[in-house]
Amino acid sequence: MAPERETTTTARYFDQQAPRRAGGETHQAAEGETPVLTTQQGAPVSDDQNSLKAGLRGPTLLEDQHFREKIFHFDHERIPERVVHARGFGAHGFFETYKSLSDITSADIFQRPGEKSEAFVRFSTVAGNKGSSDLARDVRGFAVKLYTKEGNWDIVGNNMPVFFIQDAIKFPDLIHAAKQEPDRGFPQAQTAHDNFWDFMSLMPEAMHMAMWIMSDRAIPRSFRFMEGFGVHTFRMINAEGRSTFVKFHWKPKQGLQSVVWNEALKLNGADPDFHRRDLWDAIRAGDYPEWELGLQLFDEAFADSFGFDILDATKIIPEEEVPIRIVGRLVLDRCVDNFFAETEQVAFHTGNVVPGIDFTNDPLLQGRNFSYLDTQLKRLGGPNFTHLPVNAPRCPFHHFQQDGHMAFHNPPGRANYEPNSWSEAGGPRETPEQGFQSYPEEMEGTKRRARPDSFADHYSQGRQFYISQTPIERRHIADAFTFELSKVERPEIRARIVSHLLNIHEELAERVSQGLRLEEMPKPAEAAKPTRTDLKESPKLSIALNGPDSFKGRKIGILATDGVDIGLVDGLQEAAKAEGALVEIVAPMIGGVKASDGAWIEAGQKIDGGPSVLYDAVAILPSAEEAEALARQPAARDFVADAFAHCKFIAYSAHAMPLFEKAGIAAELDSGCVELDRGDAARGFIEMCRDLRLWEREARIRGAA
Ligand code: HDE
């Protein structure tokens, strides 16, 4: 299905330019004709293969203005990458309001049910540089720009609801510690190194977030299968000026899903662009990902009675305590036309709010409001980045700001100041009734640098997170700590982290200590406040308990050879299609395979470029004649051994056994391995795949470990 809307941001920009290009268009292409190559100034180019030289073998001439312009522009193509969240991927879409929220907020976007507003979303990793791999263990940025009728509103969030630090003043330290170490310039895009864990071990407030980044939330299967969170507490203000506190949640309709760590490691090699390709492919195929916007709304009385400070961004409010109210949906239905113009140049800012939305005194949010304009100035080179199509409001805007680098549209008219006494040419005027009003919160206090006591409990919610996980997810958390700390060279840092884990949960500390082979268990870290053990489990914190109810949007890899049973392939294709899942053929050679009925089936991947980590489930369908040859291929053995170890569902034909023998899984086949003896057995297999993974296999493979 083709995307509904054809007009795209960049295309619109060039359309706006069209009138200027009209008239005297001697080298404008008629529709369907190839346009003439020109310089930036519009002069047609006769030869783009050779620079201008004095003689055939002579020196290049300085006067070659086309060459000079071309090289000059190329030399300046790069802009500074984002200091954090450098690696990202964006898409366009829309937000649709379900019903009016006028009792809670005067924000225009929430007044009319069914109203659609344009949206742009950029997903990102935090620590890695622009060219790093998608499957780094990291927080994912989930930044949403909503082009509302009363201005742009950015919800610049993450895929985790808490953050490492409580006060923005520690942000440069956190990021320095997490990114590559300054002397050697590595490791990039990973926190498994001394500086990061040294910092963490000295920052007890980071321990709740440590639990989240060591969980499978940090290795999502797809941007489409993760939640988004505004993290801070914000305010919504209604027309009467009443304030309600709010936390923002994006709930993926596709359900939650992550990969396992061994898979992430291999994915980074097999396809470093795995996440961006996944989003691109899904949108281009018309399988538009969708999230619902959920609000946790609460008042001062709740804030006062809640066990933690609602201004502390290292804490959540469990959904079980303040249920989520679903108020609209976000659909991504259009890929960018140009990565640089849109994804790279988009400028998010927590300060971009609209009337009816306001801030709280969360010190992290306050610091962010200060920071984002600086980064835009540095990256985009001047104060006029709002003139770029992706950043410009879609509603009318009028102000007296002018000039600066790359001013595209200075305000017209004579008056460029206010107040002025020009009547008609006087320009825009403020509007006290309709304009943004800050909530008139009472303020008092002495000027000081300190943290409130209400921010001092650093472990209780980390414990709550841990006990809310399924046994397999708890294992993964312990494994992740063990992996990361095993890359840390200084033993005292490893021990310091375990001393914090003791304050979170003894089982976790025990597992990590054993995994690291600590000679002795350290003493628990000194805690500003004792860990509360009365916090209840919150099942919403688990990924496994919040998966999809279908296999829609997931992908099956069929490993096939010449002579593959066409009935089995067709059966799987049909069952997958009925479910909304995709199928890709993996073959010994990219040209494809000749099926049992003589039909030619094209391959999507050659076996050594298409390992099973690229798929959610696999089918192994060699023919009798090719079974032995396939079993001799190391890549084919890895394909099945990995699929098995990563707990994937495996469909197979009887001729897969030689390969299973060689891969060492023949004697281990379990209820997640299904022999397809007839084409219609495929439907049962796809239904089974709705569980995504057979986790009990992991427990079995590990044995008592
Ligand atoms: Fe950001 N953050 N941040 N951040 N952040 C940036 O702005 C900053 C924080 C987040 O796709 C920068 O344009 C400070 C929390 C996302 O373009 C910069 C602090 C959360 C993105 C910046 C924080 C985020 C950024 C770098 C501590 C989750 C990517 C490039 C107070 C709620 C947006 C840029 C995109 C980007 C500063 C903490 C999310 C430097 C000072 C908490 C999703 O301005």
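Higher on the page you've got the structure.
Residues numbered from 1 in each chain as written. Predicted model: local features only at pLDDT ≥ 70, side-chain atom pairs only at ≥ 80, totals over all residues. Heavy atoms only, no water.

Chemist: Any chance you could break down the coordination of the iron atom of the ligand for me, citing the residues and the numbers?
Modeler: From the protein, the iron atom of the ligand takes a single donor atom, Tyr 372 (OH), 2.0 Å away. Tracing the chain through its elements places Tyr 372 in helix 10 (residues 363–380). (Donors = N, O, S within 2.8 Å, 3.2 Å for Na, K, Ca; no water. Helix = DSSP H or I, 4+ residues; strand = E, 2+ residues; numbered from the N terminus.)

Chemist: A description of the packing of helix 15 (residues 566–579) against helix 19 (residues 681–689) should follow, citing residues and the corresponding values.
Modeler: For the pair helix 15 and helix 19, the least separation of the axes is 8 Å and the interaxial angle reads 45 degrees. With respect to helix 19, the element helix 15 is oriented oblique. In terms of crossing hand, the pair formed by helix 15 and helix 19 is right-handed. For the pair helix 15 and helix 19, contact is made by Gly 571, Leu 572, Ala 575, Ala 576 and Glu 579 and by Ala 682, Arg 683, Phe 685 and Ile 686, respectively. Across the contact of helix 15 with helix 19, the residue classes break down as six nonpolar, one polar and two charged. (Axes fitted to C-alpha atoms, helices over the stretch in contact; angles between N-to-C directions. Parallel < 35°, antiparallel > 145°, perpendicular 65-115°, else oblique. Left-handed = near helix turned anticlockwise from the far one by under 90°. Contact = heavy atoms within 4.5 Å. Nonpolar A, V, L, I, M, F, W, Y, C, P; charged D, E, K, R; others polar.)

Chemist: How would you explain the site of the ligand if you had to name every residue and give the values?
Modeler: The environment of the ligand is made up of 21 residues, and the closest members are Arg 82, Arg 122, Arg 368, Tyr 372 and Thr 375. Arg 122 places a polar side-chain atom, nitrogen or oxygen, 2.6 Å from an oxygen atom of the ligand. Side-chain polar atom of Ser 371 to an oxygen atom of the ligand: 3.2 Å apart, as the coordinates give it. Broken down by secondary-structure element, the contributors of at least two residues to the shell around the ligand are strand 3 (140–148), strand 4 (151–158) and helix 10. (Near = heavy atom within 4 Å. Polar contact = N/O pair within 3.5 Å; in protein donor to acceptor, adjacent residues only side chain to side chain.)

Chemist: Tell me what's going on with helix 11 (residues 460–467), and back it up with residues and numbers.
Modeler: Judged by how many residues are buried, helix 11 sits mostly within the fold: seven of eight residues are covered. Within helix 11, burial applies to Ser 460, Gln 461, Gly 462, Gln 464, Phe 465, Tyr 466 and Ile 467. Buried residues belonging to helix 11 abut helix 5 (207–213), helix 12 (471–486), helix 13 (491–504) and helix 14 (506–516). (Buried < 20%, exposed > 50% of the residue type's maximum accessible area, 1.4 Å probe, protein only.)

Chemist: If you had to explain unusual backbone geometry to someone new, which residues and values would you point to?
Modeler: Most peptide bonds adopt trans geometry, and most residues besides glycine take a negative phi value. Looking along the chain, the bond that leaves Phe 186 and enters Pro 187 is cis, with omega of 0 degrees. Its place among the elements puts Pro 187 in the loop between helix 3 (171–178) and helix 4 (194–201). Cis geometry marks the peptide bond from Glu 418 to Pro 419; its omega dihedral reads 10 degrees. As for its placement among the helices and strands, Pro 419 is situated in the loop between helix 10 and helix 11. Residue Arg 517 is not a glycine yet carries a positive backbone phi of 60 degrees. Mapped onto the secondary structure, Arg 517 falls in the loop between helix 14 and strand 11 (555–560).

Chemist: Pulling in residues and values, what's your account of the sheet that holds strand 12 (residues 582–587)?
Modeler: For sheets, the rule is that strands pair by backbone hydrogen bonds, running either parallel or antiparallel. The strand order across the open sheet built from six strands is 15-12-11-16-17-18, with neighbouring strands paired in parallel fashion. Either end of the sheet is taken by a strand with one partner, and the two such strands are strand 15 (605–606) and strand 18 (673–675). As defined by bridge partners, strand 11 adjoins strand 12 across five bridges and the pair is classed as parallel. Paired with Ile 556 across the two strands is Val 583, which belongs to strand 12. Each of strand 11, strand 16 (617–621), strand 17 (650–652) and strand 18 touches helix 19; the most contacted strand, strand 16, lies at about 150 degrees to it. (Pairing = 2+ DSSP bridges.)

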